[in-house]
Amino acid sequence: MIGIQEYKVFSAHNYEQIPQLIKQLTKDQLWAIKVVGTVLPFKVNNYVIDQLINWDNVPDDPIFILTFPQKEMLKEEHYNLVDQALKNNIPQLELKKIVNLVRATLNPNPAGQQDHNVPVMDGQRLHGVQHKYDQTLLFFPSHGQTCHAYCTFCFRWPQFIGDKNQKFAQNETDDVIKYLKRHPKITDVLLTGGDPMTMNASRLRAYIEPFLSPELEHVQTIRIGTKALSFWPYKFVNDKDSEELLDLFRQITEAGKHLAFMAHLNHPAELKTEVVRQAIKNIKDTGAEIRTQSPIMHHINDKACVWRDLWNTQVQLGLIPYYMFLARDTGAQHYFSVPLVKAWHIFKEAYRQVSGIARTVRGPSMSAHPGKVEIVGPATINGEEVLTLNFIQGRNSDWIKRPFFAEYDEKATWLDDLKPAFGKKRFFFETELIDDVKLN
Ligand SMILES: *Cc1c(COP(=O)(O)O)cnc(C)c1O
Ligand code: SF4
């Protein structure tokens, strides 16, 4: 029996009420959660605590590290600053200053998202929308900009701490519809957040129904980026509005659209419970497909056997592996990032152990400013050791599928760390990018 669940949420204010945590951690460890949770977003719920975390394995448990702030996520000098501020009980306003100072060092706006991807229509910037790649429009419905729990590595962390400047939000679908009508090349609308699946069914319907209009025939796929399957599967099983939500999914597929769930799944432990399996079945029964993606993260899933099991379990449950990402250059990247070459080794080791059915997955890939860059792998060309790279997506679609080469570098964790191979000054796309920045 799955049973009805009441949603209970914990944060830096009340985490000391979690009995498992108190039993398992020392006083110092509990305090570290407070310090880090003051700087970076922290929210976890009773499903994650009771059913996903293996408390015998805490503090090393991957789901624990995925949801509870870790001391080393802050650099030592930053940790000490906030630690002292809290211990000395300094006034709220001063604390805020210190916290903002630390946050500002964590590159809150990676990959130029705010400057480069917001489209302009009739002379107005379309807030709440990003249009980077020809076929796909990202839409951030204003009511879906939170999550059922927060991932410690989240690159969208600034929007959860209430920094208005960093938010992408959209009150109205109208402008989006207008924009779509003028851009017949767009085939995909991707609702994202936060997590759009934090909205109730009627709100979600208000956002999605307009996309089903006959005037938007060119929009063939509606994607929903979500972690609800893993953080709150009851949403699709026995929440108050579950039936209504599943009816909405059915309405989308019956209107002839492809409904694609882009499920964020980091570890096979997330796919073990009875309720997640029921949720998957209910979603698939509406005619929707579930594709999956995850970043590769140190301390959470940086082992080939984890990815092999993740992809195999997904295939067994009818999910389609889609992306392995690299940790973005923001937030606690120094704690979570896996070097590009190491990520490639892990990907390859896992990929060779699964059948072709699971090899729909692509990566490891970085969502960098010029596009989604795949690490194809190391090679030796004319005696020079290089790293072969490839655009899966490009700011300019002509860049896609053009292999290019960087000097081999085992320590590099991001595109910016790489140097062009063969003594070249720039990568082929960099000249165009300089022009692109000027245009903006
Ligand atoms: C990843 C991404 C997409 C979707 O790309 P697909 O390869 O079609 O999955 C769209 N827009 C942005 C900004 C992205 O980062
Ligand atoms: S579910 Fe996605 S948006 Fe939400 S905290 Fe996790 S990574 Fe960030």
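Worth saying up front: this structure is predicted, and the values here are computed from it rather than measured. (Residues numbered from 1 in each chain as written. Chains lettered and ligands numbered in written order. Predicted model: local features only at pLDDT ≥ 70, side-chain atom pairs only at ≥ 80, totals over all residues. Heavy atoms only, no water.)

A.B. asks: An account of the site of ligand 1 is requested, with residue identities and associated values reported.
C.D. replies: In the region of ligand 1, the neighbouring residues are K132, Y133, T136, L138, R223, Y322, Y323, R362, K372 and Q393. Separating an oxygen atom of ligand 1 from a side-chain N or O atom of Y322 is a distance of 2.7 Å. Side-chain polar atom of Q393 to an oxygen atom of ligand 1: 3.0 Å apart, as the coordinates give it. In isolation ligand 1 has 380 Å² of accessible area, and contact with the protein removes 88% of it. Looking at the shell around ligand 1, the elements with two or more residues in it are β5 (129–133), β6 (136–139) and β11 (320–326). Among the residues forming the shell around ligand 1, the class breakdown is four nonpolar, two polar and four charged. (Near = heavy atom within 4 Å. Polar contact = N/O pair within 3.5 Å; in protein donor to acceptor, adjacent residues only side chain to side chain. Areas by Shrake-Rupley, 256 points an atom, 1.4 Å probe, with all protein chains shown as cover. Helix = DSSP H or I, 4+ residues; strand = E, 2+ residues; numbered from the N terminus. Nonpolar A, V, L, I, M, F, W, Y, C, P; charged D, E, K, R; others polar.)

A.B. asks: Talk me through the nonpolar core; I want residue IDs and the actual numbers.
C.D. replies: Residues L21, F68, F211, F236 and F249 are the most contacted members of the largest nonpolar core, which totals 137 residues. Per-element tally for this core: the top contributor is helix α15 (residues 340–351), with seven residues. Built from parts of two domains, this core gets at least three residues from each of domain 1 (9–104) and domain 2 (113–287). Contact partners of L21, with chain neighbours within four places excluded, come to Y15, L30, I33, W55, F64 and F68. Among the nonpolar cores identified, the runner-up in size contains nine residues, and F140, L190, F325 and I392 belong to it. (Core = buried A, V, L, I, M, F, W, Y, C linked by side-chain atoms within 4.5 Å. Buried < 20%, exposed > 50% of the residue type's maximum accessible area, 1.4 Å probe, protein only. Domains from an automatic or database assignment. Contact = heavy atoms within 4.5 Å.)

A.B. asks: Any details on the packing of helix α9 (residues 201–208) against helix α11 (residues 242–254)? Residues and values, ideally.
C.D. replies: Between α9 and α11, the shortest axis-to-axis distance is 9 Å and the interhelical angle comes to 20°. Considering their axes alone, α9 and α11 lie roughly parallel with respect to each other. As for how α9 packs across α11, the hand of that crossing is left-handed. In this structure, α9 uses A201, S202, L204, R205 and I208 to contact α11, whose residues at the interface are E244, L245, L248, F249, Q251 and I252. Classifying every residue of the contact of α9 with α11 gives seven nonpolar, two polar and two charged. (Axes fitted to C-alpha atoms, helices over the stretch in contact; angles between N-to-C directions. Parallel < 35°, antiparallel > 145°, perpendicular 65-115°, else oblique. Left-handed = near helix turned anticlockwise from the far one by under 90°.)

A.B. asks: Can you explain the site of ligand 2? Please cite residues and give values.
C.D. replies: Residues in contact with ligand 2, as listed here, are C147, Y150, C151, C154, F160, G194, K227 and H264. Within the shell around ligand 2, the residues separate by chemical class into five nonpolar, two polar and one charged.

A.B. asks: Residue-level account of the domain arrangement of the chain, with values.
C.D. replies: Where interface size is quoted, it is often the accessible area lost as the parts come together. Looking at the assigned domains, one finds that the chain contains domain 1 (9–104) and domain 2 (113–287). Computed from C-alpha atoms alone, the centre-to-centre distance between domain 1 and domain 2 is 29 Å. Listed as interface residues are 21 residues of domain 1 and, on the opposing side, 24 residues of domain 2. Where domain 1 abuts domain 2, roughly 1800 Å² becomes buried across the two surfaces, and 67% of that area is made up of carbon and sulfur atoms. Three residues, K43, Y47 and L66, lead the burial of domain 1 against domain 2; their summed loss comes to 36% of the area buried on that side. Applying the counting rule to domain 1 against domain 2 returns zero salt bridges. At the level of elements, β2 (43–45), α3 (46–52) and α4 (62–67) are the ones that each hand at least two residues to the side of domain 1 that touches domain 2. Of the residues belonging to the side of domain 1 that touches domain 2, the class tally is 15 nonpolar, four polar and two charged. (Buried area = accessible area lost by both parts, 1.4 Å probe. Salt bridge = Lys/Arg side-chain N within 4 Å of Asp/Glu carboxyl O.)

A.B. asks: Explain the side chain of D83 to me, and be specific about the residues and the numbers.
C.D. replies: Considering the arrangement of structural elements, one finds D83 in helix α5 (residues 76–87). Contact partners of D83, with chain neighbours within four places excluded, come to W31 and V35.

A.B. asks: Break down the packing of helix α13 (residues 304–316) against α15 for me, with residues and values.
C.D. replies: For the pair α13 and α15, interaxial distance at closest approach is 8 Å and the crossing angle is 50°. If you check the angle between α13 and α15, you find them oblique. Between α13 and α15 the crossing geometry is right-handed. Along the contact surface, α13 presents A304, W307, R308 and W311, while α15 presents I346, F347, E349, A350 and Y351. Residue composition of the contact of α13 with α15, by class: seven nonpolar, no polar and two charged.

A.B. asks: Which residues make up α9, and what are the values?
C.D. replies: Among the residues of α9, A201, L204, Y207 and I208 are the ones counted as buried. End-on, the buried residues of α9 take up no more than an arc of 120°, which puts them together on one face. Summarising the contacts, the buried residues of α9 are in contact with β6, β7 (188–191), β8 (221–226) and α11. (Arc of directions from axis to C-beta.)

A.B. asks: Can you lay out the packing of aromatic side chains for me, pointing to particular residues and giving the numbers?
C.D. replies: One pass over the structure, following the stated rule, counts 33 aromatic pairs. Measuring from ring centre to ring centre gives 6.1 Å for Y15 and F42, while their planes differ by 65°; the resulting arrangement is edge-to-face. One end of the pair, Y15, is in the loop between β1 (9–11) and α1 (19–24); the other, F42, is in the loop between α2 (27–39) and β2, with 27 residues separating them in the sequence. In this pair, the class of Y15 matches that of F42, namely buried. Ring-pair connections join several aromatic residues into one group, and the members of that group are F391, W399, F404, F427, F428 and F429. Residue placement shows R328 over the ring face of F155; its charged tip is 3.7 Å from the ring centre. (Phe/Tyr/Trp six-rings, centres within 6.5 Å; stacked < 30°, edge-to-face > 60°. Lys NZ or Arg CZ within 6 Å of the ring centre and 35° of its normal.)

A.B. asks: Now, about the pairing of β11: what can you tell me, with residues and values included?
C.D. replies: With six of seven residues buried, β11 lies mostly within the body of the structure. For strand β10 (residues 289–296) and β11, the ladder comprises six bridges, and the chain directions are parallel. Within β11, the residue paired with I296 across the bridge is L326. Note that the unit made of β10, α13 and β11 has a crossover that is right-handed. (Pairing = 2+ DSSP bridges. Right-handed = clockwise from strand over helix to strand, strands pointing away.)

A.B. asks: Please provide a residue-by-residue account of the sheet that holds β10, values included.
C.D. replies: What the eleven strands build is an open sheet, ordered β5-β6-β7-β8-β9-β10-β11-β12-β13-β14-β15; its pairing is mixed. Lying at the two open borders of the sheet, with one neighbouring strand each, are β5 and β15 (404–407). If you compare each strand with its neighbour and ignore which way they point, the axes differ by 30° on average. In terms of strand pairing, β7 meets β8 through four bridges, oriented parallel. Paired with D188 across the strands is T221, a residue of β8. Relative to β6, helix α8 (residues 174–182) is tilted by about 175°, and along the sheet it contacts β5, β6 and β7.

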